[in-house]
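The lines below spell out each chain.
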Amino acid sequence: MQLKTPIIGTRHIQCFLCFCCLSICYALRVNLSVAIVAMTDRNSTNGDLKVYDWNEGTKSYVLSSFFWGYIITQIPGGHIAQKYGAKNLLLIGITLCSILTLLTPLAVEFGGWQLLFALRVVQGLLQGSVHPATHAMLAKWSPVEERGALSTFCYSGSQFGTVVILAISGVIAESALGWPGIFYISGGLGVLWGISWFLFSASTPAEHKTISLEERKFIENSLGQVDSTPRTVGPTPWTKIFTSPAFLSLIIVHCTHMWGFWTLLTQIPTYMKNILGVDMKNSALLSSLPYAVMCLLSFFFIYLSKVLARRENVSLSFNRKFFNSIGHWIPMISLIGLGYVTQAHAMLAVVLLTLTVGISAATYLGFQVNHIDLSPNYAGTLMGITNGSANVMSALAPLAVGLVVTDVTNVIEWRIVFFIAAGFYFFGNLLFVIFGKTEVQSWNSPEDALAKRLNVVDAESPALLLNGDAKKATITEIGKQ
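For clarity, every value in this text was computed on a predicted model and none was experimentally measured.

**Student:** What am I meant to see in the overall build of the chain here?
**Tutor:** Helices and strands together make up the secondary structure of the chain, namely 19 helices and zero strands. A fraction of 83% describes how many contacts in the chain between residues 6 or more apart in sequence connect residues 24 or more apart. Accessible surface computed for the chain: about 20500 Å², of which carbon and sulfur atoms make up 67%.

Written as structure tokens, this is what we have:
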């Protein structure tokens, strides 16, 4: 007998708070890219604010500084979230990052770009644990049959936050608040989120004070915690993790995804301006449109995944690989097509780019949730490893473009860039389709090795969901064999 839970339960509130967390994080990350335009605009109409004479090289250093710190804390952040819980890690990291955002105008005034650079590095260090900690939260709060939908909802917050900050930053900069207002508003929202997170969140259902017994049992039974007591996670099995073909393919697909995705987001605007004559950077609508479509398509893919889950012959493995293929191989084709769109059809290129970025949202139901499939106990650490590696690729992609494209008006050189990115998309997803797994791996815990034999991980198909008593009895029986 399956436990009844409310339509909107405590787990959904936790996911909404994670959605807001990622929205705030990306707003704090992106705000400088808009503010720096106003900070260095000599034609600014706001005469009360100082204008900074920074060259393009200085701007590039300042804009990249966040990621210098961001990459460093990926793996440590996942390990800390796994050992001590995600709640306090996210609370401390985002609250401190928000406070530093509030102090940004003061830092620039007294320390110039050098102090701003140092402040952004620290902000990157504080945010490096966000994705691993979010994965650790989802591993404890999302029932297996809801894992894809809840994860996609949480991570769609990153696009939502980007769209909102891009849309309102220009308005704020032109208001009486000026460019400092961008930092005051985004930082203030971050502090408010910290208060809400402290009051209403918990690292696990067992630690939440107001969750109903029915919902807690529903989540724990789905995750295989048949005795409703938290498991003690042992030392991280590093050797087994790095010799697991399923996890190695996950690292590769995450890296190739980031190469293609950041080629799109960082280089396409330059291509559109110099080859097709469309200036996307100076249009708030065109700049935010790909993120807005990606956010909206996230919810469409959630619906589609639920439709597929109702079909008993559709396995979780097929579901993950199906959505990952949509999110990689369609952008692969679109990237190649972009290189052959002529200036006479420039708006077609805008539509093609927007849909290409938007369709990437399908990967939220593919490889991006696969860490939790493989190992709920070490999901945060796994995410830290793959996301840290992938962000190195996102830094290398623009550098590679600079080596290939020596003349920004040469369409042949740009086509080479697109073919390279398309090749990464194809190769990464192909390995995930061949080697990717959705079964809980044996190194997660001895109990999960038994659960693997029961195909508990395929519970995303409702017909296969066992209740806690049945699962406990079956596992006990197998353990005697």
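What follows continues from the structure just given.
**Student:** Could you clarify how one ought to interpret the packing of helix 16 (residues 379–404) against helix 17 (residues 411–435) in this entry?
**Tutor:** For any two helices packed against each other, one specifies the crossing angle of their axes together with the interaxial distance. Following both chains from N to C, one finds helix 16 and helix 17 inclined at 150 degrees, their axes separated by 9 Å at the closest point. Between helix 16 and helix 17, the interaxial angle falls into the category roughly antiparallel. In this structure, helix 16 meets helix 17 at a crossing whose hand is right-handed. Across the interface between the two elements, Met393, Val401 and Val404 from helix 16 touch Glu413, Trp414, Ile416, Val417, Ile420 and Phe424 from helix 17. Taken together, the residues of the contact of helix 16 with helix 17 sort by class into eight nonpolar, no polar and one charged.

**Student:** Is there a simple way to explain the packing of aromatic side chains in this structure?
**Tutor:** The geometry of an aromatic ring pair is captured by two quantities: the separation of the ring centres and the angle between the planes. Under the criterion given, the structure shown has 24 aromatic pairs. Where tyrosine 52 meets tryptophan 179, the ring centres are 6.3 Å apart and the plane angle is 70 degrees; that geometry is what we call edge-to-face. Of the two residues, tyrosine 52 is situated in the loop between helix 1 (10–39) and helix 2 (56–70) and tryptophan 179 in the loop between helix 7 (147–174) and helix 8 (180–200); the sequence distance between them amounts to 127 residues. By relative accessible area, tyrosine 52 is classed as buried at 8%. Overall, the relative accessible area of 6% leaves tryptophan 179 in the buried class.

**Student:** Sorry if this is basic, but what is going on with the state of the cysteines here?
**Tutor:** What makes a disulfide is a covalent bond joining the sulfur atoms belonging to two cysteines. The final tally for this structure, using the stated rule, is zero disulfides. For the unlinked cysteine cysteine 20, the closest cysteine sulfur is that of cysteine 21, found at 8.9 Å.

Definitions and cut-offs
Residues numbered from 1 in each chain as written. Predicted model: local features only at pLDDT ≥ 70, side-chain atom pairs only at ≥ 80, totals over all residues. Heavy atoms only, no water. Helix = DSSP H or I, 4+ residues; strand = E, 2+ residues; numbered from the N terminus. Contact = heavy atoms within 4.5 Å. Areas by Shrake-Rupley, 256 points an atom, 1.4 Å probe, with all protein chains shown as cover. Axes fitted to C-alpha atoms, helices over the stretch in contact; angles between N-to-C directions. Parallel < 35°, antiparallel > 145°, perpendicular 65-115°, else oblique. Left-handed = near helix turned anticlockwise from the far one by under 90°. Nonpolar A, V, L, I, M, F, W, Y, C, P; charged D, E, K, R; others polar. Phe/Tyr/Trp six-rings, centres within 6.5 Å; stacked < 30°, edge-to-face > 60°. Buried < 20%, exposed > 50% of the residue type's maximum accessible area, 1.4 Å probe, protein only. Disulfide = S-S within 2.5 Å.

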